[in-house]
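What the coordinates show
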Amino acid sequence: MARVLTPRAEDFPRWYQDLIAKAQLADNGPVRGTMVIRPVGYAIWEHMQADMDIRIKEAGAQNAYFPLFIPESYLRREADHVEGFSPELAVVTHAGGKQLAEPLVVRPTSETVIGEFMAKWVDSYRDLPLLLNQWANVVRWELRPRTFLRTTEFLWQEGHTAHATEEDARRYAREIHKHVYEDFMVNTLAIPVVPGRKTKGERFAGATNTMTVEAMMGDTKALQMGTSHELGQNFAKAFDISYSSSAGAVEHAWTTSWGTSTRMMGGLIMVHGDDNGLRLPPRIAPVQAQVMVVKAGEGVTEAAAKLRDELKAAGVRVRLDDRADIPFGRRAVDAELQGIPVRIEVGPRDLAAGNAVVARRIDGTKSPVALGEVAGDVVSALKADQQRMYDDALSFREANTVDVKTLGEAIEAAQTGWARVPWSAVGTDGEAEANGKAVTVRCLFREDGSMPDADDEPNLIAILARSY
């Protein structure tokens, strides 16, 4: 397999690109920085989307859709917002063969256009909270694109809500952060994440607070997997999102926004992949088990089809590979590259012995299993492997995270892993110094791991790391 993929230890970025190409996850688009997500990759994204969509709706939000093009004047209403996104904007100045009276921005995010319509739809406190979510594409002009991680156009969900009080907005932003994002990363993607508060310098443009979930990749760099923002009344005042309170007074609403994107695909690859390709946590795998005909004849194809049906009846997402005209070795390599958690291999000799060979992608084991026991064995393997992947990723993160006391020690440790350091030893001046050495403060949290209410709380802990 080393001839198929560049080994991770030899060149991690090259391994990443090799895996995406060889596993047929994505290809480069015709415009620099864009990507074509191939069916294998898109199937994974669809499962991410479906799982997340259920969680978002359980939190009370409803899906809607808003325009791709936003009048440039909308962005200029919130000064910090337009300043934060200005270098990344794609602007349309001509259409229909004519110069436009007002330039249009291709959405980098939708706070402004959704704010315009929130103002239209909200009149009374009875209209609040207004909880919206959008599945869409967005455009941010990337100077250094990398497939899934940073592309000019990418797919995501963006939630936008309006509330009657600051307390309700804060509660909801935290609910999304913890019970939607963190829970999804941990329990579906098997990725241990560190939840925390972004520093003022790392905060979303126009937000009063940004909360993040940070994950360690296989090269020990950090990746921001999702964020939830408290926007205060900044956008409500800019777009006049106001309501009549129960006391009859006119008040401005408190708003939030939150999002995750196809960047999660990059995180999934870099956390769990190995030198043989992708490894998919069973809960997110579009194909959890692949029944493979090693060689046709002697009732093998029929026996394989029966195993497929038994696995399907047991609730397993299963696919039958009976392409006996393609060499088995090539098909097995493709299954490994694409991270299918379990393969069930059936050949004439296996069938004669009353067995099938169960090959597990996660631990690399292969063992004969009686035909009548295959379904139960596979169900048990999928459950065990989901937990094992999380445990392995957590062990890797902890083994590559050190506790230090000074900024200098933190910057040094961040060259090869993560550093946990008192925020008081870093501060805004230290953060600027670290940034100059390609190290960032990923997030802040309390000593007990809980979420701070403010940047200046005493005894906060910071994570410093290199990042994507």
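The numbering scheme is per chain: residues are counted from 1 as the chain's sequence reads. A pLDDT threshold of at least 70 governs which residues receive local features in this predicted model, and a stricter bar of 80 or more applies before side-chain atom pairs are shown or counted, although totals over entire chains, interfaces and linings include all residues. With hydrogens and water stripped out, all remaining heavy atoms of the structure feed into the side-chain values.

Starting at the N terminus, helices and strands are each numbered in turn, a helix being any DSSP run of H or I of at least four residues and a strand any DSSP run of E of at least two. In terms of helices and strands, the protein carries 14 helices and 23 strands. A compact globule built from 468 residues would reach a C-alpha radius of gyration of about 23 Å, and the protein, at 25 Å, matches this within 12%. Along the longest, intermediate and shortest principal axes, the C-alpha atoms of the protein span 80 × 55 × 50 Å. For the protein, the proportion of its 468 residues judged to be buried stands at 53%. Should any heavy atoms of two residues lie within 4.5 Å, those residues are considered in contact. Counted over contacts in the protein with a minimum sequence separation of 6, partners at least 24 positions apart contribute 67%. Residue exposure ignores everything except the shown protein chains as possible cover, and the areas themselves are Shrake-Rupley values with a 1.4 Å probe. By element, 49% of the accessible surface of the protein is carried by carbon and sulfur atoms, the whole surface being about 20,400 Å². Charged-residue counts in this description rest on Lys and Arg as positive and Asp and Glu as negative, His and the chain ends being excluded. In plain terms, the charge of a residue is placed at NZ if it is Lys, CZ if Arg, CG if Asp and CD if Glu. Averaged over its 54 positive side-chain charges, the protein has a centre that lies 4 Å from the centre of its 65 negative ones. C-alpha atoms define the radius of gyration in this analysis, and the globule rule sets the expected value at 2.2 Å times the number of residues to the power 0.38. Think of it in three bands: residues with accessible area under 20% of the maximum for their type are buried, residues over 50% are exposed, and the middle band is partly exposed, with areas taken using a 1.4 Å probe on protein chains only.

With that settled, consider the sheet that holds strand β18 (residues 355–360). In space, the 5 strands of this open sheet follow the order β16-β15-β17-β18-β19, with mixed pairing throughout. Pairing within the sheet leaves two strands with one partner each, and these edge strands are β16 (318–321) and β19 (366–370). Neighbour-to-neighbour, the strand axes of this sheet turn through a mean angle of 25 degrees, independent of strand direction. Only strands joined by at least two bridges in the DSSP assignment are considered to pair. The pairing of β18 with β19 spans 5 bridges and is antiparallel. What sits directly across from alanine 356, in β19, is valine 369. Its contacts with the sheet place helix α10 (residues 328–337) against β15 (289–293), β16 and β17 (342–346), and it is angled at close to 175 degrees to β15. Each axis is a line fitted through C-alpha atoms, taken for helices only over the stretch in contact, and angles between the N-to-C directions span 0 to 180 degrees.

So, on to the environment of aspartate 455. Along the chain, aspartate 455 turns up in the loop between β22 (440–445) and β23 (461–465). Put simply, aspartate 455 and threonine 93 are 362 residues apart on the chain and 41 Å apart in space, counted from C-alpha to C-alpha. Apart from the residues within four sequence positions on either side, aspartate 455 is in contact with Arg197, Lys198, Thr199, Lys200, Arg203, Trp423, Leu444 and Leu460. In protein, a polar contact means a hydrogen-donor-capable atom and an acceptor-capable atom, both N or O and within 3.5 Å, with residues adjacent in sequence counting only if both atoms are side-chain atoms; elsewhere, any N or O pair within 3.5 Å suffices. At 2.5 Å, the side chain of aspartate 455 forms a polar contact with the side chain of arginine 197. Among the polar contacts made by the side chain of aspartate 455, one reaches the side chain of arginine 203 at a distance of 2.7 Å.

Further remarks concern the nonpolar core. Throughout, nonpolar core names a set of buried Ala, Val, Leu, Ile, Met, Phe, Trp, Tyr and Cys residues whose side chains join them through atoms within 4.5 Å. Grouped together as the largest cluster of nonpolar side chains are 50 residues, with contacts concentrated most on Leu25, Ile44, Met48, Phe148, Leu189, Met225 and Ile269. Of all elements in the fold, only α1 (12–22), β2 (35–37), α2 (39–58), β7 (130–139), α6 (166–187), β10 (209–216), β11 (222–230) and α8 (263–272) reach the threshold of two or more residues within this core. If we skip the residues at most four places from it in the chain, isoleucine 44 touches Leu25, Met265, Leu268, Leu278, Leu280, Ile284 and Pro286. If you look at the next biggest cluster of nonpolar residues, it comprises 26 residues, including Val105, Val113, Leu132 and Phe204.

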